[in-house]
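Structural overview
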Amino acid sequence: MTDRIDTKLAELGLALPAAAAPVAAYVPTVEVGGLLHISGQLPFDDGVLMTGRVGEDRDLAFAQKAAARCALMLVAQIKGALGGLHRVERIVKLGVFVNSATDFTDQAKVANGASEVMVALFGEAGKHARSAVGVAVLPLGAVVEIDAIIQVAS
């Protein structure tokens, strides 16, 4: 699958960022029981953290782009943890946290930014379960944070 995903990234004009190192007392990934659990990933655009609150100082389009950047960081973490993308069998679940104003209710639309990347890259195996939750604040002021569960081949 690595060659196919790398080709798909190139076709879409996307590049994987370097997998981010943890900023606190946790590990970025844990593989157990055929699943790879990926800690929450933050959105970076050209190395700059995408910050703000949707519905206050950031709009839906910015948040969707941030979610897509989180998805690419998740894929970078998968590749780093597994030594490639060949063991990915399915994207099982994404947990999307959106730094939202109290009257913003389009968290699901924000999450689509990440979901669409996963389907574009992994096809049918990229279709996943998902939660999209509005929160008052995220680490470092990030606009979006996303964690994931990935089914992997042994």
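Note: the structure precedes this text.
Residues numbered from 1 in each chain as written. Predicted model: local features only at pLDDT ≥ 70, side-chain atom pairs only at ≥ 80, totals over all residues. Heavy atoms only, no water.

**Here we look at the overall build of the protein**
How we decide: Strands are runs of DSSP state E lasting at least two residues, helices are runs of H or I lasting at least four, and both sets are numbered from the N terminus onward. For the radius of gyration, the atom set is restricted to C-alpha positions; the globular benchmark scales as 2.2 Å times the number of residues to the power 0.38. Buried means the residue's accessible area, taken with a 1.4 Å probe over protein chains only, is under 20% of the maximum for its type, while exposed means over 50%, and partly exposed covers the values in between. Between two residues, a contact is recorded if the distance between any of their heavy atoms is within 4.5 Å. Per-residue and other accessible areas were derived by the Shrake-Rupley procedure at a 1.4 Å probe size, with only the shown protein chains allowed to occlude residues.
Helices and strands together make up the secondary structure of the protein, namely three helices and seven strands. In sequence order, the secondary structure elements of the protein are arranged as α-β-β-β-β-α-β-α-β-β. Computed over its C-alpha atoms, the radius of gyration of the protein comes to 15 Å, within 12% of the 15 Å expected for a compact globule of 154 residues. Reported as C-alpha extents along the three principal axes, the dimensions of the protein are approximately 45 × 35 × 30 Å. Classification of the 154 residues of the protein by burial places 40% in the buried group. A separation threshold of at least 6 residues defines the contact pool for the protein, and within that pool the share at least 24 residues apart is 81%. Summed over all atoms, the accessible surface of the protein reaches about 7,300 Å², with 55% contributed by carbon and sulfur.

**Let's talk about the layout of surface pockets**
Taking a probe equal in size to a water molecule and rolling it over the atoms shows the remaining empty space. The cut-off we apply is this: Only protein atoms enter the 1 Å grid used here. Points where a 1.4 Å probe fits but cannot escape make up a cavity, open sets with protein on both sides within 12 Å along at least five of seven lines make up a pocket, and a residue lines them when an atom lies within 4 Å of a point. Grid points are joined across faces, edges and corners, and a volume is the space filled by probe spheres set on the points.
Approximately 200 Å³ is the volume attributed to the largest pocket. Residue lining of the largest pocket: 16 residues in total, with Ala21, Val23, Tyr26, Gly40 and Leu42 positioned closest to the centre. The dominant element in the lining of the largest pocket, judged by the number of residues it contributes, is strand S2 (residues 35–41), at three residues.

**Here's the deal with the environment of Gly52**
Mapping Gly52 onto the fold places it in the loop between strand S4 (48–49) and helix H2 (60–82). The spatial distance from the C-alpha of Gly52 to the C-alpha of Leu138 is 9.3 Å, given a sequence separation of 86 residues. Those residues in contact with Gly52 that lie beyond four places of it in its chain are Asp57, Arg58, Asn99, Gly141, Ala142 and Val143.

**With respect to the nonpolar core**
Condition: Nonpolar cores are built from buried Ala, Val, Leu, Ile, Met, Phe, Trp, Tyr and Cys residues. Side-chain atoms within 4.5 Å join them into one set.
Counting 39 residues, the largest nonpolar core has Leu94, Phe122, Val144, Ile146 and Ile150 as its most contacted members. Among the elements of the structure, helix H1 (2–11), S2, H2, strand S5 (88–99), helix H3 (107–122) and strand S7 (144–152) are those that each provide at least two residues to this core. For this core, the element with the most residues is H2, which contributes eleven residues. Leaving out residues up to four positions away in the same chain, Leu94 has contacts with Leu74, Ala114, Ser115, Met118, His128, Ala129, Arg130, Ser131, Ile146, Asp147 and Ala148. Of all hydrophobic cores here, the second largest spans five residues; its members include Leu42, Val135, Leu138 and Ala142.

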